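A look at the structure
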Amino acid sequence: MQVDLLILQANVYNSYFKRFTKGNVAVLDGRFLYIGQRGAESFEAREVIDAKGRYMIPGLVDIHLHIESTMVTPETFSFGLIQNGVTTIVPEPHEMANVFGISGIREMIRASQNCIVDMFYAIPSSVPATSMETTGGAVEIEDIDELLRSERIICLGEIMNYVDVITDPDCKTNRILEHIRSHYPDLVIEGHCPKLLDLDLHRVIFAGVDSDHTHQTLEGMEARMAAGMFIEIQEKSMTEEVMSYLVTNDVSELFCFVTDDVMTDSLYHRGHLNHIVKKAIQMGMEPEKAIYAATFTPARRMKLLDRGAIAPNKVADFMLLSDLRELAIDEVYKNGKKVYDKNEAYRQQVVPNQFPAHFYQSVQLSPLTEEDFKVRMDADAADGRYTARVMLVKDGSTFTEEHHAPVDIRGGELCWQESGYGLIAVFERYGRNGNRGYGLIGGDTIKRGAVATTYSHDNHNLLVVGHNPQDMVMAANQVIRNQGGFCVVDNGEVLANLHLPVGGILTEEPLEKTAKEVEELRKAMLSLGYRHYNPIMSISTHSLPVSPALKLTDLGLIDVNQGKVVPLLVQ
């Protein structure tokens, strides 16, 4: 029998038994035909590979991620994924949707069409994430219908506004959920419900949201699993107690590994989902179980029944490993064709201008001056000492804490430079209303200088954190001139400048170049005193009003747990 590819003497991973068996594999028309002991006596192959006992596992499947978090285009992202054995992803482009609405989603899908990695998209369900911020675009029910009719959509992306789901029956999010339940009852619905327990958790599940990818505690994870929720474990949830639970309990069908957000330098140096699998093995999980959680269960969660296993009629996405516990990748195959070999040159071809012209002109904001960093209080605020809310940044999490501290007001202005804290400011940058919000910030953030960025989840307005107006102005105006990105300034000197001109959040530069620039950005932020395992993701979520506890948008400070705007001064 003629086949396209015959792999001999491989240790083949069987997803159904979660074990390896030595044998041969035949591939025909991009799918697995046969797995067993038959070899050249039964098959006439166009190509034969002697695996020489290497481990053969399915291509990795990542069902929850945001390409925009890596700050590169889908094409560059695919280039980075393939060499790490990731062959299928479910990206949710809610960052680009917050900038451009449905056109942002369509252009991300269009930019993915010729990628080697299969990209099945999630429709952003929460654009904007809340009503407490200004965005450049929105996604409405009619947009969801149009996307489901016309695009490669596999699920409804994470339901982020969990507070409104619980407290406001008539909110936009609940209307979307009711529409999906009524018109698309088989569509997978992804969730985002940090810290919820008991009745609040069950009400979210009752609304149709049956997964969670947020930072897990042991108590929260067990409560979710007990209620039938599917858990998507990202790296920040891989604590000793969480991993011990996953290793020692029979919960393989209830979780998978995902990446969610991966910085460019991390993708380039450490890898992607393969890094998570390797880490799980290092933390005591058997390789067979870790592989299962990055191939079979994620594919089943998304009803991708044609992949995630090496079995007849499944898509022939696989890799050959020289070391199982180290997950050392020798070769990667997509649809039965080799797309990566560690012993062969692997070069990226960069394509410029992949997006419409207006995607490169999205920052509609005039240059700022030092006056823009004066915080003027209400007219009735007499001179004196007051108690102010302070956003405290905490290493180890993108969650913040609300702290109260004394602050002086003189001449109608907040004396923030005398407070012992930095200033955080958000400027609406879409030309819609000119809103701006101000707050105080402390904890594990920068101790001097300034950082400015339009890479501020999810609204992507201009966010500036600093300790003096001069550096803040310099950093902010550099980002404005660049039509988006990051700028770090200390004492009038630019320490890092990352140009993100596509929607203010992406670059078309090669992966290697961008990784080096992101690494420089990270080092610059750390040099200003930032103490965080991921300072870039930390600062970019200061404006995310669905991530506890105190955040800032262009409408002001947000008490995330209460789901409302709160004043800077404590009443």
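Just so you know, these numbers come straight off a predicted model, no measurement behind them.

Focus on the packing of helix α8 (residues 218–226) against helix α9 (residues 240–248)
Running from amino to carboxyl end, α8 crosses α9 at an angle of 35°, the nearest separation of the two axes being 9 Å. Residues Leu218, Met221, Glu222 and Met225 of α8 pack against Glu241, Val242, Tyr245 and Leu246 of α9. Here the residues of the contact of α8 with α9 sort into six nonpolar, no polar and two charged.

Focus: the sheet that holds strand β28 (residues 556–559)
Strand order in the open sheet made by the three strands is β27-β28-β29, with antiparallel pairing throughout. Here the strands that pair on one side only, and so sit at the sheet edges, are β27 (550–553) and β29 (564–566). Neighbour-to-neighbour, the strand axes of the sheet open up by a mean angle of 45°, direction not taken into account. Where β27 lies against β28, four bridges are found, and the strand directions are antiparallel. When the sheet's bridge partners are listed, threonine 553 is paired in β28 with glycine 556.

Focus: the UniProt feature "domain: Adenine deaminase C-terminal" (unreviewed entry) in the protein chain
Within this structure's numbering, the places UniProt gives as "domain: Adenine deaminase C-terminal" (unreviewed entry) are residues 398–563. Helix makes up 22% of residues 398–563 and strand 34%, with an end-to-end C-alpha separation of 17 Å.

Some points on the sheet that holds strand β13 (residues 230–233)
The strands that make up a sheet pair up through hydrogen bonds in the backbone, lying either parallel or antiparallel. Reading across from one edge, β12-β13-β14 is the order of the three strands in this open sheet, with parallel pairing throughout. Lying at the two open borders of the sheet, with one neighbouring strand each, are β12 (211–212) and β14 (255–257). Strand direction decides the pairing type here: β13 and β14, joined by three bridges, are parallel. Along β14, the bridge assignment pairs isoleucine 231 with phenylalanine 255.

Side note on α8
Counting along an α-helix, one turn takes 3.6 residues, and residues three or four places apart therefore face a common direction. Among the residues of α8, Gly220, Met221, Arg224 and Met225 are the ones counted as buried. End-on view of α8: buried residues confined to an arc of 130°, all on one side of the axis. Set apart from the buried face of α8 by more than 90 degrees, the exposed residues are Glu219 and Ala226. Looking at the packing, one finds that the buried side of α8 touches α7 (198–206), β12, β13, α9 and β14. Once α8 ends, the next one or two residues include glycine 228, with phi positive near 85°.

Side note on unusual backbone geometry
The omega torsion across valine 127 and proline 128 is -5°, close enough to zero to call that bond cis. Among the structural elements, proline 128 can be located in the loop between β9 (121–123) and α4 (141–150). Of note, the bond from histidine 457 into aspartate 458 is cis; its omega dihedral lies within 30 degrees of zero at -15°. Here aspartate 458 is to be found in the loop between β23 (450–453) and β24 (462–466). In the Ramachandran plot, glutamine 9 falls in the positive-phi region, its phi being about 55° despite a non-glycine side chain. With respect to the secondary-structure elements, glutamine 9 resides in strand β1 (residues 2–14).

Calculation notes
- Note on numbering: residues in each chain are counted from 1, in written sequence order.
- In keeping with the model being predicted, local features are shown solely for residues with a pLDDT of at least 70 and side-chain atom pairs are shown and tallied solely at 80 or more, while totals for entire chains, interfaces and linings include all residues.
- Excluded from the side-chain calculation are hydrogens and water; included are all heavy atoms of the structure.
- To obtain an axis, a line is fitted to C-alpha atoms, over the contacting stretch when the element is a helix, and the angle between two such axes runs from 0 to 180 degrees between their N-to-C directions.
- Here a strand is any run of E in DSSP of at least two residues, a helix any run of H or I of at least four, and the numbering for each starts at the N terminus.
- Residue contacts follow a heavy-atom distance rule, with two residues in contact if any of their heavy atoms lie within 4.5 Å.
- Asp, Glu, Lys and Arg are counted as charged, while Ala, Val, Leu, Ile, Met, Phe, Trp, Tyr, Cys and Pro are counted as nonpolar; the rest, among them Gly, fall into the polar class.
- Pairing between two strands is assigned when DSSP locates at least 2 bridges connecting them.
- UniProt positions are given in the numbering used here, feature names are shortened, and annotations may be inferred rather than shown by experiment.
- Three exposure classes are used, based on accessible area relative to the maximum for each residue type with a 1.4 Å probe and protein chains only: buried under 20%, partly exposed in between, and exposed over 50%.
- To be clear, the arc concerns the directions from the helix axis to the C-beta atoms.

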